[in-house]
Amino acid sequence: MKQVGFYYDQTRCAGCKTCQVACKDKNRLEVGTVLREVRTYQVGAFPSVKMYHFAATCNHCQVPACKDVCPVGAITKNEDDGTVVIDHEACIGCSSCVNACPYGVPRIDEKSGLSYKCDGCIELRAQGYQPACVEACPYRALAFGDIEELKARYGSELVTELPAMGEGKTGPNTLINPRAVAVEELGVPITL
């Protein structure tokens, strides 16, 4: 089975949140709900302070914890490309997926009461486009595609987990070219 995922070049990311806004706009999300979230962390203390950004969304995991706990089977892993999707007709908004995801990805939309998460803009991809976040990034810090092709294209020094992601054993399909400071420690979340 083909498996799609994201490539994220953290060394290029300026924390501008254009990817977050593009995702929010494409999905017509209410205030407060985000499916791709850019967070900023501070590491160290004055006079030796460092900072990094992390753009997080669904990792379309090999073994999605969200899928395994859904009591109504509303979350599935697409057999064609491995995209993890939620059927909003079946979702009952129970929050099981929200609580199970080690990366904090699914979110309950306050207006509808249903669970939402990134689906890799599956409808846009069916029309030949890239996900909205990838298309919007002015620094070209994001890419999306077959995970093996992304590995071949971007090199072998990539990681699939960072302290900023949280810890899970689900096999995340996000390849990251990390900043050294982001590998060392989580740091303290800050707002810019």
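Here's a quick rundown of the structure.

How each quantity is defined
Residues numbered from 1 in each chain as written. Predicted model: local features only at pLDDT ≥ 70, side-chain atom pairs only at ≥ 80, totals over all residues. Heavy atoms only, no water. Helix = DSSP H or I, 4+ residues; strand = E, 2+ residues; numbered from the N terminus. Buried < 20%, exposed > 50% of the residue type's maximum accessible area, 1.4 Å probe, protein only. Contact = heavy atoms within 4.5 Å. Salt bridge = Lys/Arg side-chain N within 4 Å of Asp/Glu carboxyl O. Pairing = 2+ DSSP bridges. Axes fitted to C-alpha atoms, helices over the stretch in contact; angles between N-to-C directions. Polar contact = N/O pair within 3.5 Å; in protein donor to acceptor, adjacent residues only side chain to side chain. Phe/Tyr/Trp six-rings, centres within 6.5 Å; stacked < 30°, edge-to-face > 60°. Lys NZ or Arg CZ within 6 Å of the ring centre and 35° of its normal.

Before going further, it helps to examine the overall build of the protein chain. Of the regular secondary structure elements, the protein chain holds seven helices and 10 strands. Counting only C-alpha atoms, the protein chain reaches 55 × 35 × 30 Å along its principal axes. Counting every position in the protein chain, which comprises 192 residues, the buried fraction comes to 45%. The long-range fraction of contacts in the protein chain, counting pairs at least 24 apart against all pairs at least 6 apart in sequence, stands at 60%.

One pass over the structure, following the stated rule, counts six salt bridges. Of the charged contacts in the structure, one is a salt bridge between E37 and R107, with a shortest N-O distance of 2.9 Å. In this pair, E37 sits in strand 2 (residues 37-45) while R107 sits in strand 6 (residues 107-108), placing the two residues 70 residues apart along the sequence. The partly exposed category is assigned to R107, whose relative accessible area is 24%.

Okay, the sheet that holds strand 3 (residues 48-56) next. Pairing within the open sheet is antiparallel, and its three strands lie in the order 3-2-10. The sheet terminates laterally at strand 3 and strand 10 (188-190), the two strands that pair on one side only. Taking each pair of neighbouring strands and ignoring which way they run, the sheet shows an average axis angle of 35 degrees. Examined bridge by bridge, strand 2 and strand 3 share nine bridges and lie antiparallel to one another.

Cis geometry marks the peptide bond from F46 to P47, where omega comes out at 10 degrees. Of note, P47 is situated in the loop between strand 2 and strand 3. One non-glycine residue, R28, adopts positive backbone phi at about 50 degrees. With respect to the secondary-structure elements, R28 resides in the loop between helix 1 (18-26) and strand 2.

Let's shift gears to helix 6 (residues 147-154). Two or three places before E148, at the opening of helix 6, D146 has a side-chain oxygen 3.0 Å from that residue's backbone nitrogen. Backbone geometry just after helix 6 places G155 at a positive phi near 105 degrees.

Here we take up the side chain of Q20. Mapped onto the elements of the fold, Q20 is located in helix 1. Polar side-chain contacts of Q20 include one of 2.8 Å to the backbone nitrogen of V38. Those residues in contact with Q20 that sit more than four places away from it in its chain are V34, R36, E37 and V38.

With that out of the way, let us pick up the packing of aromatic side chains. By the definition in use, this model includes four aromatic pairs. Seen from their ring centres, F6 and F144 are 4.7 Å apart, and the 65 degrees between their planes marks the pair as edge-to-face. Of the two residues, F6 sits in strand 1 (residues 4-9) while F144 sits in strand 8 (residues 142-146), which places them 138 residues apart along the sequence. The residues F6 and F144 share a single accessibility class, namely buried. Residues Y41 and Y52 carry aromatic rings whose centres are separated by 5.2 Å and whose planes lie at 25 degrees to one another, so their mutual orientation is stacked. Placement of the pair is Y41 in strand 2 and Y52 in strand 3, with a sequence separation of 11 residues. Judged by relative accessible area, which is 6%, Y41 ranks as buried. One Lys or Arg, R36, reaches over the ring of F6 and ends 4.8 Å from the middle of that ring.

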